[in-house]
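Inside the fold
Here is how the chains run, residue by residue.
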Amino acid sequence: MKNTKTIIISVVAVLAVIAILAGVYFALAPKAQQGSKSVTVEVVDDQGTTKSYELKTDAEFLSQVMDELTKAGDFSYEGTNGDYGLYITAINGVTADYDADGAYWSILVNDEYGMFGADSQPVADGDDFKFVYEVYVQ
Amino acid sequence: MYSNTEPDNKEHKKIFSVLDIATIGVMAALLEVVKVALQAVPNVELVTLLIIVFTLYLGPKSLIAVWGFVGMECAVYGLGLWTIMYVYVWPILVLITCLLRKHRSSQWPFVVLASMFGLFFGAMCSIPYFFMGGYATALAWWVAGIPFDILHGVTNFIGAAVLFTPLTKALDRISRMQQ
């Protein structure tokens with residue numbers, strides 16, 4: 001009987017220390033590394049409705065940010081890869097057809113028109129990207 | 001002032017008998033063999049248990065066997081940061097075992113000791129990192145190794161629970177034969 005008690009005490013003592021160590025581990029172990037750049041992305045669709053996203057990313061180019069947003073859900077895009085890189089045709093299901101009505105998705109970087117396509121637009125910490133549905137009127 | 005011409009009347013008491021020296025040599029060799037035999041299995045080792053059992057029979061003298069084992073490890077693997085850890089970590093085990101010696105009638109204090117030693121192995125080994133990189137480095141190093149420490153503690157518990165009694169019985173028989 002005494003022996004059983006000793007065994008139980010021994011097992012409990014060891015389990016208690018294991019529990020404490022596990023607690024320390026889960027409290028202090030390095031979490032999955034977050035991206036080091038924080039950027040905001042805003043989508044202004046054909047109705048003028050704005051939808052904004054904030055994320056931390058290690059992406060080098062805007063198209064990678066778009067892929068990350070797609071993976072996270074609540075964002076989608078379509079595009080074609082042409083001679084000038086990625087040409088965005090649709091965002092969040094809104095298709096801009098230039099041939100039909102002169103509509104296109106423009107990219108604004110920190111509120112200025114971007115100089116690059118999405119797949120060559122560099123991403124810097126604090127950048128603000130806007131995808132705006134615009135129509136070219138002749 | 002000093003008249004050292006007279007021979008010391010007191011018989012010089014030898015700390016180590018010939019038998020001790022032979023035993024310590026065999027123990028150090030056994031530690032190394034057991035270590036090498038099990039090193040393919042991560043975190044499963046019988047060195048802890050063997051040091052506990054040896055210390056129960058030899059007392060603090062087993063420190064010599066422990067450092068002999070550390071010396072052999074250095075000869076095999078070369079010097080590293082782990083050398084510093086080994087030089088003080090295993091003697092801690094010898095010391096605690098000496099303090100628990102009077103509880104020898106039961107195996108459980110020593111099963112718990114073996115297990116705790118495994119669980120805190122990483123914590124004890126992180127001390128050199130404290131001097132190298134400060135508190136944060138030591139803590140990060142320790143925390144990163146906790147899963148291995150837990151495994152180490154569990155396997156030490158099982159190993160000691162299964163093997164402590166057979167080993168002490170065998171050593172009892174050997175020490176009876178020596179008398």
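Above: the structure in question.
My aim in this report is to walk through the structure given alongside it, one point at a time.

Moving on, we come to the overall build of chain B. Secondary structure summary: chain B contains eight helices and zero strands in total. Written out in order from the N terminus, the α and β elements of chain B read α-α-α-α-α-α-α-α. Residue burial in chain B is summarised as follows: out of 179 residues, 31% are buried. Across chain B, the fraction of contacts at a sequence separation of at least 24, relative to all contacts at a separation of at least 6, is 73%.

On to the nonpolar core. Note on soluble globular proteins: their nonpolar side chains tend to be buried together. Ranked by size, the top nonpolar core spans 34 residues in total, and within it Ile 51, Val 111 and Ala 114 of chain B carry the most contacts. Elements with a minimum of two residues in this core: helix H1 (18–38), helix H2 (47–58), helix H3 (62–77), helix H4 (81–99), helix H5 (108–119), helix H6 (121–125) and helix H8 (146–178) of chain B. With residues near it in sequence (within four places) discarded, Ile 51 of chain B still touches Ser 62, Val 66, Trp 90, Leu 93 and Val 94 of chain B. Val 41, Leu 86, Ile 91 and Tyr 133 of chain A belong to the second-largest nonpolar core, a separate cluster that totals 16 residues.

Moving on to H4 of chain B. Along an α-helix, a turn takes 3.6 residues, which lines up residues three or four apart on a common side. Residues and elements named next belong to chain B. Helix length check: H4, at 19 residues, gives a terminal C-alpha distance of 28 Å against a target of 27 Å (1.5 Å per residue), a fit within 8%. For H4, the set of buried residues is Tyr 86, Trp 90, Leu 93, Val 94 and Thr 97. Where H4 is buried, its residues meet H2, H3 and H5.

Residues and elements named next belong to chain B. Tracing the sequence through the fold places Glu 32 in helix H1. Separated by 38 residues in the primary sequence, Glu 32 and Val 70 have C-alpha atoms spaced 8.6 Å apart. With residues near it in sequence (within four places) discarded, Glu 32 still touches Phe 69 and Met 72.

Moving on, we get to H8 of chain B. Taking the largest bend as the criterion, H8 of chain B deviates by roughly 45°, centred on Leu 163 of chain B, and proline Pro 166 of chain B comes between one and four positions later. For H8 of chain B, the set of buried residues is Ile 146, Asp 149, Ile 150, His 152, Gly 153, Thr 155, Asn 156, Phe 157, Gly 159, Ala 160, Ala 161 and Phe 164 of chain B. Each element contacted by the buried residues of H8 of chain B is listed here: helix H1 (2–28) of chain A together with H2, H5, H6 and helix H7 (127–144) of chain B.

Cut-offs used in this document
Residues numbered from 1 in each chain as written. Chains lettered and ligands numbered in written order. Predicted model: local features only at pLDDT ≥ 70, side-chain atom pairs only at ≥ 80, totals over all residues. Helix = DSSP H or I, 4+ residues; strand = E, 2+ residues; numbered from the N terminus. Buried ≥ 20, exposed ≤ 12 C-beta atoms within 10 Å, placed from the backbone. Contact = placed C-beta atoms within 7 Å. Core = buried A, V, L, I, M, F, W, Y, C linked by C-beta atoms within 7 Å. Expected span 1.5 Å × (residues − 1). Bend = angle between axes of the 7 residues up to and from the residue.

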